[in-house]
Structures are given as structure tokens and as C-alpha cells.
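Listed below are the residues making up each chain.
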Amino acid sequence: QVQLVESGGGLVQPGGSLRLSCAASGSTFGFSHMGWYRQAPGRQRELVATVTSGGSTVYADSVKGRFTISRDDAKNTVDLQMNSLKSEDTAVYYCNVKWPVSGTNYWGQGTQVTVSS
């Protein structure tokens, strides 16, 4: 049973930074893609960033140059460093792990990020 636990969310002023962390357990994750998605009120859940088992990254256009995703396979964690935060970044951020061959997805419960002055 795969479990993903997010941490690091909170309230930050525009222009500030937060670092989200996701701790994965219950499996081996070396062949997985890990990533972050977000969902704002009244909006569809959207991709923020993903990183493959080989370290390749994909970012949403809206966060390129501001966010950085990284994974530590020794600790089974995936982090999202968020800089230069904007009010439009306000959302619940969800950790995701996916095995591309099977298409199996697992989700964390989410962590709230609020960007406001």
C-alpha cells in the first residue's frame, strides 16, 4: 500500500518562497515518475512539475524559472522548491507517483499553499 505524505505548505507573502516535501512509502520507487499537481478553488487540477526515475523534469509554463522539482531515491522523497510566489500560485498542492508502464497513480492528501499579503 503506497502512501504519500506532503508537508511544507503554509502562508507566504507574494515574492516569498516555500519548499514542499513529499515522503513516499509502501513500495520501491526507482521506476516511478514523481511529481506535484495543484488545484485552486473552481479550477481543474493541473500539473506543476514532474521528475522521472532518470531525473528528467517537466514544468508547467506558469512555473518555469520559479519552481524546481527534485527527488532523493535514497530517502523516497520528492521536493518542490517554490520561489517568487504569486497570488495565482495559491492552491492545494498534491504529491503524485506514477508507474508509466502500468499507468498506476497514487496521490497524497494535499497541502495548502496560500500566497497573500
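Here the structure is a predicted model, which is why all the values come from computation and not from measurement.

Attention shifts here to the overall build of the chain. Within the chain, the regular secondary structure consists of zero helices and eleven strands. For the chain, the sequential pattern of α-helices and β-strands runs β-β-β-β-β-β-β-β-β-β-β. Radius of gyration (C-alpha) of the chain: 13 Å, near the 13 Å computed for a compact globule of 117 residues. Viewed in the frame of its principal axes, the chain has a C-alpha envelope of about 40 × 25 × 25 Å. Burial analysis of the chain (117 residues in total) assigns 39% to the buried set. Restricting the contact set of the chain to residue pairs at least 6 apart, pairs at least 24 apart contribute 53%. As displayed, the chain offers around 6200 Å² of accessible surface, 47% of which is attributable to carbon and sulfur atoms. The positive charge centre, built from 10 side chains, and the negative charge centre, built from 8, are 2 Å apart in the chain.

Moving on to the nonpolar core. Counting residues in hydrophobic clusters, the biggest one holds 30 residues, and the most contacted among them are Trp36, Leu80, Met82 and Tyr93. Every element with two or more residues in this core is listed here: strand S3 (18-25), strand S4 (33-39), strand S5 (46-51), strand S7 (67-72), strand S8 (77-82), strand S9 (91-99) and strand S11 (111-115). Of the residues forming this core, the biggest block, five residues, is contributed by S9. Residues in contact with Met82, not counting those within four places in the same chain, are Gly16, Ser17, Leu18, Leu20, Arg66, Phe67, Tyr93 and Val113.

Here we take up unusual backbone geometry. Among all residues except glycine, the phi angle is most often negative; among peptide bonds, the trans geometry is most common. Phi at Asn76 is positive, roughly 55°, even though this residue is not glycine. Its place among the elements puts Asn76 in the loop between S7 and S8. Judged by its relative accessible area of 23%, Asn76 falls in the partly exposed class. Of note in the backbone geometry, Ser84 takes a positive phi value of approximately 50° without being a glycine. The exposure class assigned to Ser84 is partly exposed, which follows from its relative accessible area of 41%.

Attention now goes to the side chain of Thr77. Mapped onto the secondary structure, Thr77 falls in strand S8. On the accessibility criterion, Thr77 (15% relative accessible area) is buried. Apart from the residues lying within four places of it in its own chain, the contact partners of Thr77 are Cys22, Ala23, Ser70, Arg71 and Asp72.

Cut-offs applied
- Residues numbered from 1 in each chain as written.
- Predicted model: local features only at pLDDT ≥ 70, side-chain atom pairs only at ≥ 80, totals over all residues.
- Heavy atoms only, no water.
- Helix = DSSP H or I, 4+ residues; strand = E, 2+ residues; numbered from the N terminus.
- Rg over C-alpha atoms; globule rule 2.2 N^0.38 Å.
- Buried < 20%, exposed > 50% of the residue type's maximum accessible area, 1.4 Å probe, protein only.
- Contact = heavy atoms within 4.5 Å.
- Areas by Shrake-Rupley, 256 points an atom, 1.4 Å probe, with all protein chains shown as cover.
- Lys, Arg positive; Asp, Glu negative; His and termini not counted.
- Charge placed at Lys NZ, Arg CZ, Asp CG, Glu CD.
- Core = buried A, V, L, I, M, F, W, Y, C linked by side-chain atoms within 4.5 Å.

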